[in-house]
Amino acid sequence: MTTPLKLNGRLTIEDLNSLPEIPIEGITYDQMYIEKQPICPEYIPPDQDIIPSSKRTAVIDPGRICMPFGAMWAAVGVHKCIPFVQGAQGCTTYPRYTFSRIFREPVSIATASFHEDTAVFGGRKNFIDGLRNLIIRYHPEIIAIITVCSSEIIGDDMEGFLEEAQEELEEELGPEVLDGVKFVITHTPSFAGSHVEGYNRAAATFLKTLAKRTTPNNKVNIIPGMITPGDIREIKHILKLMDIEGTILFDISETLDCPLRLPQPMPYYPKGGTRSEDIRDMGNSLMTFALCPDQGGAGAKYLEKRFKMPAVIGPLPLGIHSTDLFIKSLAEATGKPIADEIKDERGILIDAMADTFHYTMGMRVAIYGDPDIAAAATRFCCELGMEPAIVGSGTESKQFVKDVWATAYEYDRKPIILNGSDMFEWEDYLKKDKIDLILGNSKAANVSKEADVPLVRIGFPIYDRLGYQRRAYVGYRGGEYLLDLIVNTILDSKFPDDRVQQ
Amino acid sequence: MNVLHCQRSCTYISDLIKEGFEVPYVNASFFGIEQTAKALREVAEFFGSEEMKERAEQIIEHELEVISPAIEFYKERLTGKKVGMYVGGPRVWHWQRVMKELGMKVVFGMCTFAHEDDYEKINARAEDGVFLVDNPNEFEIEECLERFKPDLFLTGLKEKYLCRKFGVPTVNSHSYEKGPYACFRGMVNFARDIYEGVYAPAWKFVRDEDFI
């Protein structure tokens, strides 16, 4: 009997059901034909009245997620630190799923497992029971207590609960067990902000709780924001070339991109992450750099206020100009000269820009992402001679608007800026415009397909491709990688095959 | 008749065709506004038809109308820029006129395959002080870049990367960057690619004192 084949060799459901025998290779997605019926026969543009997000109470296709997620991201970057989420199980399930999708790494997050009764009686009992389990089973060095909407709404007194729990557990487990654990409370009610603000608040609470001033250490503090492990490695690389010692607060480079080597410790902890003693020592540093103003700026401001430590808040060192600023501030703060290797790396990026500007210049780009990254990408696009046409951020930020306008003014561009808007609005602008390229995260992938505008992936989150989390976008070498992505995407989409060989 | 655009490689065969078959030819350049218009007029003139002459004028008028706003845009931004050229042979004198139409000033020219007649034409079209090199090597190119500091160098792929290393933009003058450069509409592509070269933001970073 011949195999019934249809539609370019692909099998319909009927074909599958009538197969006498399934081949040993099985039947993969690419061999199956799954008929999809469009919901409506043609694209119907939405009612123009509902396009501006400011006119709607509902958010459609949000470009942000919840505030506790940002605080969890921060806590995951600390060595032997486990976030304890004072909320329902879903408040940890989704973040853990998101971490795994982006990084393909295990992430341990504890939960107070709120149920209906917790909402009535409060989360005190679940909190103390949860901490006990966590300490006995996982021996963490730091527990990052993170609240969510529900615990904030019912008014859980976390500071009071923690005091009670410490007393109770000290009696039960002994002071030496409890002395080995530090607690950091971060309040993150999602109705007051997004993941961006969650990270920002965690930067402040970790420093408030742990940083002390004793003797100067000649180091610099770096609060990177929600950038990739590859980015953080690039920052370390720059510090090394400049012969500067630095502490990176929330160093996910060795907690969310780890080698597989046996044997592994039990319970599993990545060997990296910012050490608690290093966070303590951050009170003694020369200067703090918060690379993303909205993600970590609060930490730098706290140190500035508390220890009179100079703070440089933003811009994210992506592209030439912003990286120049970062390097110059580093040199100024430490008195070290700009290393020759750094000048070479800069030169290599400029060389690549000089080699490729005929591909990039004049391209109209739509950008969407977290405010700091979207603003940084806007500047880099301008440096490549591209024209940012629509720049959107999922989280509202004054700094974002300021930065984008400054860039637009400098390069004589007139982008439409969507501050704290959703992707529904951004998408509408994109479809009405003539856009050559999208710079955005994986959430822009559907729009990219539908509008047939190629997408260069950057920012948070990227969950539909492999390896982006290992790459750096920051620094001169990161700019090189991003430039390659942009130019190759343009070559794929804008140039006929016989015109790409030079 | 034959219409000759590349007057280096095509003249020999055109002469033979003319001798053997009595088919005449006209020389024409399809680069730039003035030269393309001239080519159309001369072809029409050759056939002597009033209809054809009228048609040529119509085409010229219409095409000028179509490209003028774009050409004005680029001319305004390119006027006064200095340009060096290193192309095969005839293209240098083809393009001397084109550069003038964009308000640019040719400061030096180089050819690999030019013969005496090419240099005669180049000289006839050149302003005083234009420096010419026959069959240059890389060192001579570097020296010219250093000495004349052009804002743009029109050259091919092999010299592109050398020149850009010295901070001088280039436009691929053999196979072009984006789109054809010939005739009226191609002139806009040419002007655009020149403009992008001269104004690419990369150049302003190159000379930052702190990173030299």
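None of the values given here were measured: they were computed from a predicted structure. (Residues numbered from 1 in each chain as written. Chains lettered and ligands numbered in written order. Predicted model: local features only at pLDDT ≥ 70, side-chain atom pairs only at ≥ 80, totals over all residues. Heavy atoms only, no water.)

(A) Representation of the overall build of chain A. Summing up its helical and strand segments, chain A has 19 helices and 13 strands in all. A burial count over chain A gives 55% of its 502 residues as buried. Within the structure as shown, chain A displays about 23000 Å² of accessible surface, and the carbon and sulfur contribution to it stands at 52%. If the 53 positive side-chain charges of chain A are averaged to one point and the 71 negative ones to another, these points end up 3 Å apart. (Helix = DSSP H or I, 4+ residues; strand = E, 2+ residues; numbered from the N terminus. Buried < 20%, exposed > 50% of the residue type's maximum accessible area, 1.4 Å probe, protein only. Areas by Shrake-Rupley, 256 points an atom, 1.4 Å probe, with all protein chains shown as cover. Lys, Arg positive; Asp, Glu negative; His and termini not counted. Charge placed at Lys NZ, Arg CZ, Asp CG, Glu CD.)

(B) Seen up close, the domain arrangement of chain B. All names here are of chain B. Looking at the assigned domains, one finds that chain B contains domain 1 (2–70) and domain 2 (79–206). Of the roughly 1900 Å² buried where domain 1 meets domain 2, counting both sides, 62% is carbon and sulfur surface. Among the residues of domain 1 in contact with domain 2, Arg 8, Phe 31 and Gln 35 are the three that bury the most area, contributing 36% of the side total. Remark: the boundary between domain 1 and domain 2 carries four salt bridges. Across the pair Arg 185 and Glu 63 runs a salt bridge whose closest N-O atoms are separated by 2.7 Å. (Domains from an automatic or database assignment. Buried area = accessible area lost by both parts, 1.4 Å probe. Salt bridge = Lys/Arg side-chain N within 4 Å of Asp/Glu carboxyl O.)

(C) Region of interest: the sheet that holds strand 6 (residues 246–248) of chain A. Residues and elements named next belong to chain A. The four strands are arranged 6-5-7-8 in an open sheet whose pairing can be described as parallel. Taken across any chain shown, the strands that pair with only one partner, and hence form the sheet edges, are strand 6 and strand 8 (311–313). Neighbour-to-neighbour, the strand axes of this sheet turn through a mean angle of 15 degrees, independent of strand direction. The pairing of strand 5 (residues 220–223) with strand 6 spans three bridges and is parallel. Bridged to Ile 222 within strand 6 is Ile 248. (Pairing = 2+ DSSP bridges. Axes fitted to C-alpha atoms, helices over the stretch in contact; angles between N-to-C directions.)

(D) A nonpolar patch on the surface, seen in detail. On the surface, a nonpolar cluster with roughly 320 Å² of combined accessible area is contributed by Ile153(A), Ile154(A) and Phe191(A). Here Ile153(A) is to be found in helix 6 (residues 149–154). (Patch = residues over 30% accessible without salt bridge, like charges linked within 9 Å, V, L, I, M, F, W, Y side chains within 5 Å.)

(E) Broad picture of the domain arrangement of chain A. Residues and elements named next belong to chain A. If you check the domain split of chain A, you get domain 1 (67–210), domain 2 (220–338) and domain 3 (341–499). Listed by partner, the interface residues are 10 residues for domain 1 and 10 residues for domain 3. At the junction of domain 1 and domain 3, the tally comes to zero salt bridges. For the interface between domain 1 and domain 3, the tally reads two residue pairs in polar contact (both at pLDDT 80 or more). Mapped onto the side of domain 1 that touches domain 3, the elements with two or more residues apiece are helix 2 (67–76), helix 3 (90–103) and helix 9 (195–210). The residue makeup of the side of domain 1 that touches domain 3, split by class, is five nonpolar, three polar and two charged. (Contact = heavy atoms within 4.5 Å. Polar contact = N/O pair within 3.5 Å; in protein donor to acceptor, adjacent residues only side chain to side chain. Nonpolar A, V, L, I, M, F, W, Y, C, P; charged D, E, K, R; others polar.)

(F) Structural context of the interface of chain B and chain A. Across the contact, 28 residues belong to chain B and 28 residues belong to chain A. In total, chain B and chain A occlude about 2300 Å² of area from one another, counting both sides; carbon and sulfur atoms represent 58% of this. Contact with chain A buries area across many residues of chain B, yet Arg164(B), Phe205(B) and Phe211(B) alone supply 32% of it, more than any other trio. Where chain B touches chain A, the interface holds five salt bridges. The salt bridge involving Asp210(B) is made with Lys328(A); its shortest N-O contact spans 3.0 Å. Linking chain B with chain A are 14 residue pairs in polar contact (both at pLDDT 80 or more), by the criterion used here. Contributing elements (two or more residues each) for the side of chain B that touches chain A: helix 7 (157–165), strand 7 (170–172), helix 8 (183–199) and helix 9 (202–206) of chain B. When grouped by side-chain class, the residues that make up the side of chain B that touches chain A number 14 nonpolar, four polar and 10 charged.

(G) Summary view of the packing of aromatic side chains. All names here are of chain A. Tallied over the entire structure, the rule returns 30 aromatic pairs over all chains. On the numbers, 6.3 Å between centres and 40 degrees between planes, the contact of Phe 127 with Phe 161 is tilted. Taken together, the residues span a long stretch of sequence, with Phe 127 in helix 5 (residues 124–138) and Phe 161 in helix 7 (residues 158–173) at a distance of 34 residues. Grouping residues by exposure puts Phe 127 and Phe 161 together as buried. (Phe/Tyr/Trp six-rings, centres within 6.5 Å; stacked < 30°, edge-to-face > 60°.)

(H) Spotlight on the packing of helix 13 (residues 319–334) of chain A against helix 14 (residues 340–360) of chain A. Residues and elements named next belong to chain A. The N-to-C vectors of helix 13 and helix 14 enclose an angle of 170 degrees; their axes lie 12 Å apart at closest approach. It follows from the interaxial angle that helix 13 and helix 14 lie roughly antiparallel. Taken together, the residues of helix 14 that come into contact with helix 13 (itself represented by Ile 320, Asp 324 and Ile 327) are Ile 342, Arg 346, Leu 349, Ile 350 and Met 353. Here the contact of helix 13 with helix 14 is composed, by residue class, of six nonpolar, no polar and two charged. (Parallel < 35°, antiparallel > 145°, perpendicular 65-115°, else oblique.)

(I) Quick look at the packing of helix 5 of chain A against helix 7 of chain A. All names here are of chain A. At a minimum axis separation of 10 Å, helix 5 and helix 7 run at an interaxial angle of 45 degrees. With respect to each other, helix 5 and helix 7 are oriented oblique. Crossing of helix 5 over helix 7 shows right-handed handedness. Residue-level inspection shows Arg 124, Phe 127, Ile 128, Leu 131, Arg 132, Ile 135 and Ile 136 of helix 5 in contact with helix 7, the latter providing Met 158, Phe 161, Leu 162, Glu 164, Ala 165, Glu 168, Leu 169, Glu 172 and Leu 173. Looking at the contact of helix 5 with helix 7 residue by residue, the class counts come to 11 nonpolar, no polar and five charged. (Left-handed = near helix turned anticlockwise from the far one by under 90°.)

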